[in-house]
Amino acid sequence: MSYSGNQHHRDEGSLSQPNTPERPPYPAEISAPEPPSDQTPDQSWQGALYERFFVLAPLKAFGTMFFMVLFFMAYLKLLHDPVFAVTTMPLTPVDHWIVFEPSSLMLYLSLWVYVSLPPALLPNRQILVGYGLAIAGLCAIGLLIFLFFPTAVPTPHIDWAKYPDFHLLKGVDGTGNACPSLHVATAAFSGIWLSRLLRDMRCPGYFQIINTLWCLAIIYSTMATKQHVFLDVVAGGLLGIIMALLSLAWLQPNNQKRALIE
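Predicted model only: the values in this text are computed from it and were never measured.

A. Broad picture of the overall build of the protein chain. Helices and strands together make up the secondary structure of the protein chain, namely 12 helices and 2 strands. Reading the helices (α) and strands (β) of the protein chain from amino to carboxyl end gives α-α-α-β-α-α-α-α-α-β-α-α-α-α. Looking at the 262 residues of the protein chain, the share that counts as buried comes to 39%. In the protein chain, 88% of the contacts between residues at least 6 apart in sequence involve partners at least 24 apart.

This is how it looks when you write it as structure tokens:
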């Protein structure tokens, strides 16, 4: 009798709480899978850097080299054969504060490595073409200014014979084509683009610090080598910043439908 009574109570409980199937979870309740436990945060940006360097690598390498050759052909033509009278740029107190520093030559020459980094990290052909058009526009503006308003820096009181490392620089790139400084303009343009690319790839913060210091060191070197004066630097910096911001606004996402970094 005791057994049947217990059975009766269990049956009543089963009637009062019917055994209905559970509803399937809504999609919002389904959590995203956790990343593998052996994946480190560094793998994402390191992998992005590795992939970017190999995307369209031949086109980037030969395109950058070809662009530099064409630029220097036009630059040197205007430097050695100016069409109009050359104006000497005035000095400012900043030019007297920044003295000639022979060791800054390596910083000055490092521009050609620096300006090659942003195109090397671009993700696809569309952005690469847009970037190329933007920096070509920057150089074209500078060359047009050199054509119609040629300028030069004052001759510094330096015995260049004591500094043989400068012979090649002075023999090829004289003190003409001064304002705006395209050395500064291309450094500023590249620095802003490189900062954006590093941020989009979620690189560590020290990459941004290195980028900023390298860009500023190149800008400093243009005056420390006495290739440019302060007014050249200001004009070149404004040109580079404006062109960089315009090109990023042109190529960045429109209503999140197209991402700069795919």
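B. Representation of the packing of aromatic side chains. Applying the stated rule across the entire model yields 17 aromatic pairs. Judged by centre distance (6.4 Å) and plane angle (75°), the rings of Tyr-163 and Phe-166 are edge-to-face. The class for Phe-166 is buried, based on a relative accessible area of 2%. Through a chain of ring-to-ring contacts, three or more aromatic side chains come together here, namely Phe-71, Phe-72, Tyr-75, Trp-112 and Phe-146.

C. Region of interest: the environment of Leu-107. Along the polypeptide, Leu-107 turns up in helix H5 (residues 105–109). Taking C-alpha positions, Leu-107 is 8.2 Å from Trp-214, a pair spaced 107 residues apart along the chain. Here Leu-107 is in contact with Ala-217, Ile-218 and Ser-221, once residues within four sequence places are set aside.

D. Focus on unusual backbone geometry. Across the junction of Cys-179 and Pro-180, the peptide omega takes the value 0°, indicating a cis bond. For Pro-180, the position within the fold is in the loop between helix H9 (167–172) and helix H10 (182–200). Backbone geometry at Arg-202 places phi at a positive 60°, although glycine is not the residue there. With respect to the helices, strands and loops of the structure, Arg-202 is situated in the loop between H10 and helix H11 (205–224). Arg-202 gets classed as exposed once you look at its relative accessible area, which sits at 67%. A positive phi angle, near 65°, is found at Lys-226, a position not held by glycine.

Basis of the calculations
- Residues numbered from 1 in each chain as written.
- Predicted model: local features only at pLDDT ≥ 70, side-chain atom pairs only at ≥ 80, totals over all residues.
- Heavy atoms only, no water.
- Helix = DSSP H or I, 4+ residues; strand = E, 2+ residues; numbered from the N terminus.
- Buried < 20%, exposed > 50% of the residue type's maximum accessible area, 1.4 Å probe, protein only.
- Contact = heavy atoms within 4.5 Å.
- Phe/Tyr/Trp six-rings, centres within 6.5 Å; stacked < 30°, edge-to-face > 60°.

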